[in-house]
Amino acid sequence: MATDSWALAVDEQEAAAESLGTLQIKDEKPKVEANGTDVKPVENAETKPDDEDKEDKAAQSLLNKLIRSNLVNTTNQVEVLQRDPNSPLYSVKSFEELRLKPQLLQGVYAMGFNRPSKIQENALPMMLAEPPQNLIAQSQSGTGKTAAFVLAMLSHVDPARKYPQCLCVSPTYELALQTGKVIEQMGKSYTEVKLAYAVRGNKLERGMKIQEQIVIGTPGTVLDWCAKLKFIDAKKIKVFVLDEADVMIATQGHQDQSIRIQRMLPNDCQMLLFSATFEDSVWKFAQRIVPEPNIIKLKREEETLDTIKQYYVLCNSKEEKFQALCNIYGAITIAQAMIFCHTRKTAGWLAGELSREGHQVALLSGEMMVEQRAAVIERFRDGKEKVLVTTNVCARGIDVEQVSVVINFDLPVDREGNPDNETYLHRIGRTGRFGKRGLAINMVDSKLSMSILNRIQDHFNKKIEKLDTHDLDEIEKIAN
Ligand SMILES: Nc1ncnc2c1ncn2[C@@H]1O[C@H](COP(=O)(O)OP(=O)(O)OP(=O)(O)O)[C@@H](O)[C@H]1O
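Predicted model, so just to flag it, every value in this text is computed and none were measured.

## Points about the overall build of the protein chain
(1) Moving on: Assigned secondary structure in the protein chain consists of 17 helices and 17 strands.
(2) Moving on: Relative to its 480 residues, the protein chain shows a buried fraction of 54%.
(3) Moving on: Considering only contacts within the protein chain whose residues lie at least 6 apart along the sequence, 78% involve residues at least 24 apart.
(4) Moving on: A total of about 22,600 Å² of accessible surface is found on the protein chain, and carbon and sulfur atoms cover 48% of it.

## Section: the sheet that holds strand S9 (residues 270-275)
As a general point, the strands of a sheet are linked pairwise by backbone hydrogen bonds and lie either parallel or antiparallel.
(1) Moving on: The strand order across the open sheet formed by eight strands is S3-S10-S4-S9-S8-S5-S7-S6, and the pairing between neighbours is mixed. If you trace the sheet from one side to the other, it starts and ends with strand S3 (78-81) and strand S6 (195-198), each paired once. Looking at each pair of strands side by side, their axes are set apart by 15° on average, direction ignored.
(2) Moving on: For strand S5 (residues 166-169) and strand S7 (residues 214-217), the ladder comprises four bridges, and the chain directions are parallel. Across the sheet, residue Val169 finds its bridge partner in S7, namely Gly217.
(3) Moving on: In the packing of helix H4 (residues 118-128) onto the sheet, the strands contacted are S3, strand S4 (135-138), S9 and strand S10 (294-298), and the crossing angle to S10 comes to about 170°.

## A look at the side chain of Gln133
(1) Moving on: Counting through the fold element by element, Gln133 comes out in the loop between H4 and S4.
(2) Moving on: Residue class for Gln133 comes out buried when judged on its relative accessible area of 19%.
(3) Moving on: A polar contact is formed between the side chain of Gln133 and the side chain of Asn294, at a distance of 2.9 Å.
(4) Moving on: The contact partners of Gln133, leaving out residues within four places of it in the chain, are Met126, Gln270, Leu272 and Asn294.

## Some points on the sheet that holds strand S14 (residues 387-391)
(1) Moving on: Spatial ordering of the open sheet is given by S13-S14-S12-S15-S16-S11-S17, a layout of seven strands whose pairing is parallel. Each having just a single partner strand, strand S13 (361-364) and strand S17 (465-466) make up the two edges of the open sheet.
(2) Moving on: In this structure, strand S11 (residues 308-314) lies alongside S17, joined through two bridges in parallel fashion. Note that in S17 the partner of Tyr312 across the bridge is Lys466.
(3) Moving on: Helix-sheet contacts for helix H12 (residues 344-356) involve strand S12 (337-341), S13 and S14, and the interaxial angle to S14 is about 165°.

## Details of the site of the ligand
(1) Moving on: Lining the immediate surroundings of the ligand are 19 residues, of which Lys65, Arg115, Ser141, Gly142 and Thr146 lie closest.
(2) Moving on: Contacts to the ligand include Arg115, whose backbone N or O atom sits 2.8 Å from a nitrogen atom.
(3) Moving on: Residue Ser141 places a side-chain N or O atom 2.7 Å away from an oxygen atom belonging to the ligand.
(4) Moving on: Starting from 620 Å² of accessible surface for the ligand in isolation, the protein chains cover 84%.
(5) Moving on: A per-element tally of the shell around the ligand places helix H5 (residues 145-156) first, with three residues.
(6) Moving on: Split by residue class, the shell around the ligand holds five nonpolar, 10 polar and four charged.

## Notes on the pairing of strand S8 (residues 239-242)
(1) Moving on: Covered by surrounding structure in S8 are Val239 and Val241 together with Phe240 and Leu242, the residues of both alternating faces.
(2) Moving on: Both S5 and S8 contribute to a ladder of four bridges, which runs parallel. Counterpart to Cys168 in the pairing with S8 is Val241.

## Quick word on the pattern of salt bridges
(1) Moving on: The full count for this structure, using the stated rule, is 12 salt bridges.
(2) Moving on: Here the salt bridges share partners, and the residues they tie into one network are Lys321, Asp410 and Asp445.

## Describing the environment of Glu121
(1) Moving on: Mapped onto the elements of the fold, Glu121 is located in helix H4.
(2) Moving on: Spatially, the C-alpha atoms of Glu121 and Gly220 are 33 Å apart, while their sequence positions differ by 99 residues.
(3) Moving on: Ignoring any residue separated from it by four or fewer positions in sequence, one finds Glu121 in contact with Tyr90, Ser91, Val92, Lys93 and Pro116.

## Here we look at the environment of Asp473
(1) Moving on: Checked against the element boundaries, Asp473 lands in helix H17 (residues 472-478).
(2) Moving on: Each C-alpha atom, one on Asp473 and one on Ala331, is 8.0 Å from the other, the two residues being 142 residues apart in sequence.

## With respect to the packing of aromatic side chains
(1) Moving on: Under the definition given, this model contains six aromatic pairs.
(2) Moving on: A ring pair is formed by Trp349 and Phe409, whose centres lie 6.3 Å apart and whose planes are at 50°; its orientation type is tilted. Of this pair, Trp349 sits in helix H12 while Phe409 is found in the loop between strand S15 (405-408) and helix H15 (421-429), placing the two residues 60 residues apart along the sequence.
(3) Moving on: Classification of Trp349 as buried rests on a relative accessible area of 5%.
(4) Moving on: An aromatic cluster is present here, built from Phe322, Trp349 and Phe409 joined pairwise through their rings.
(5) Moving on: A cation over a ring is seen here: Lys318 above Trp349, with NZ or CZ 4.5 Å from the ring centre.

So, how was this worked out
Residues numbered from 1 in each chain as written. Predicted model: local features only at pLDDT ≥ 70, side-chain atom pairs only at ≥ 80, totals over all residues. Heavy atoms only, no water. Helix = DSSP H or I, 4+ residues; strand = E, 2+ residues; numbered from the N terminus. Buried < 20%, exposed > 50% of the residue type's maximum accessible area, 1.4 Å probe, protein only. Contact = heavy atoms within 4.5 Å. Areas by Shrake-Rupley, 256 points an atom, 1.4 Å probe, with all protein chains shown as cover. Pairing = 2+ DSSP bridges. Axes fitted to C-alpha atoms, helices over the stretch in contact; angles between N-to-C directions. Polar contact = N/O pair within 3.5 Å; in protein donor to acceptor, adjacent residues only side chain to side chain. Near = heavy atom within 4 Å. Nonpolar A, V, L, I, M, F, W, Y, C, P; charged D, E, K, R; others polar. Salt bridge = Lys/Arg side-chain N within 4 Å of Asp/Glu carboxyl O. Phe/Tyr/Trp six-rings, centres within 6.5 Å; stacked < 30°, edge-to-face > 60°. Lys NZ or Arg CZ within 6 Å of the ring centre and 35° of its normal.

Pasting the structure below:
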């Protein structure tokens with residue numbers, strides 16, 4: 001077995017144990033859910049992080065939508081690049097300024113929106129302008145992109161015409177349904193406008209024509225409905241929205257399908273593309289979808305380690321790490337903590353051990369359905385459980401405001417076993433986000449993990465102090 005990388009070694013060991021069913025890792029106990037039910041091991045769990053990551057982009061996005069009830073606050077300024085620099089740059093501070101149809105203004109207020117979000121301030125006037133303007137917009141999840149393009153689509157339809165005029169493509173069935181819900185909610189008072197779902201399972205009779213003015217769907221079905229089945233006359237589409245471009249291109253085939261749909265649309269169709277991130281591949285794709293774009297970008301809020309006290313604890317095994325954790329819990333009051341493990345297996349084991357110690361534990365695990373994960377996070381946010389044990393993949397991008405302690409039961413490493421600084425910052429940085437001081441404790445259990453810790457420390461140029469968890473007085477001090 002290759003042992004140059006601790007993480008890979010763990011993966012290999014686990015894969016062997018799970019697929020052969022004969023090798024058992026020492027002290028292996030069945031995974032236990034927070035509610036005490038056994039969780040069946042999933043074949044190849046954690047052995048394909050790449051595939052999992054790809055899958056996970058869409059799942060993550062859905063998860064964020066399911067657990068989010070508010071706008072994400074940001075102090076950063078919006079960057080606007082106009083195609084025509086001579087045209088005046090409009091931004092609005094109220095929904096009234098947009099001269100929306102009364103039914104839509106009603107819809108906006110019924111959703112509890114008082115004023116446009118940062119991105120909406122600039123994006124809405126651009127999208128509602130006459131003649132229509134194309135737009136590529138990037139801002140992190142939760143900043144109001146969906147609400148913005150939904151409002152734009154609803155504003156542009158002519159309810160008297162009974163055929164599709166706005167077409168929106170989403171990367172997955174579930175994401176399409178979520179966006180559909182927003183369209184239905186915002187258009188609740190605009191009863192003449194109807195919505196159709198171009199998603200798998202929605203079978204229509206051959207030869208029929210869609211009468212709904214807005215169609216939301218996934219690329220494959222939308223393409224079929226436009227090209228093969230001709231349920232939609234693509235030449236009559238006035239607004240085309242491509243949502244979650246970064247998730248879209250992570251799925252095999254979606255990029256080509258989206259481009260094929262775009263090519264069927266008339267030249268004067270308004271093209272709008274949204275993405276939470278903007279790496280090169282997304283940007284290239286965006287330019288193929290949206291000709292002559294205006295561009296709006298909103299930088300992510302920077303994460304910082306400045307308000308975090310960082311410690312490490314030296315151990316020899318996972319049992320010792322667990323004992324250290326118990327000592328910490330015994331010495332200081334921890335309102336809520338997130339504990340990160342490298343594998344699902346360790347997370348399951350740890351959750352079980354903590355439960356047995358009497359802790360109220362929530363376990364977030366990759367084999368759970370997204371809806372189940374959302375429910376777990378919501379319970380944790382509501383304080384129903386005090387400890388959330390998770391693997392990194394599951395918890396990426398989740399903000400739980402009240403978490404004051406983050407414990408790296410395993411240090412974050414990439415596929416090659418190198419320190420994953422970005423993930424470290426993201427895990428720990430969360431605790432400082434809301435101006436509160438945070439505490440981060442790293443468990444070190446080998447020479448290799450010590451060297452990883454040192455490299456993380458060097459990278460951020462921030463001292464990570466040693467903590468002796470046998471010394472209760474010392475532990476008590478860290479809480480002050
Ligand atoms: N102007 C606003 N005022 C108050 N709340 C808003 C406003 N715009 C959107 N929201 C709410 O904020 C949350 C995030 O908005 P939205 O889903 O549009 O963001 P997003 O950038 O598309 O994020 P995601 O990609 O995760 O869906 C939603 O709960 C939405 O109802």
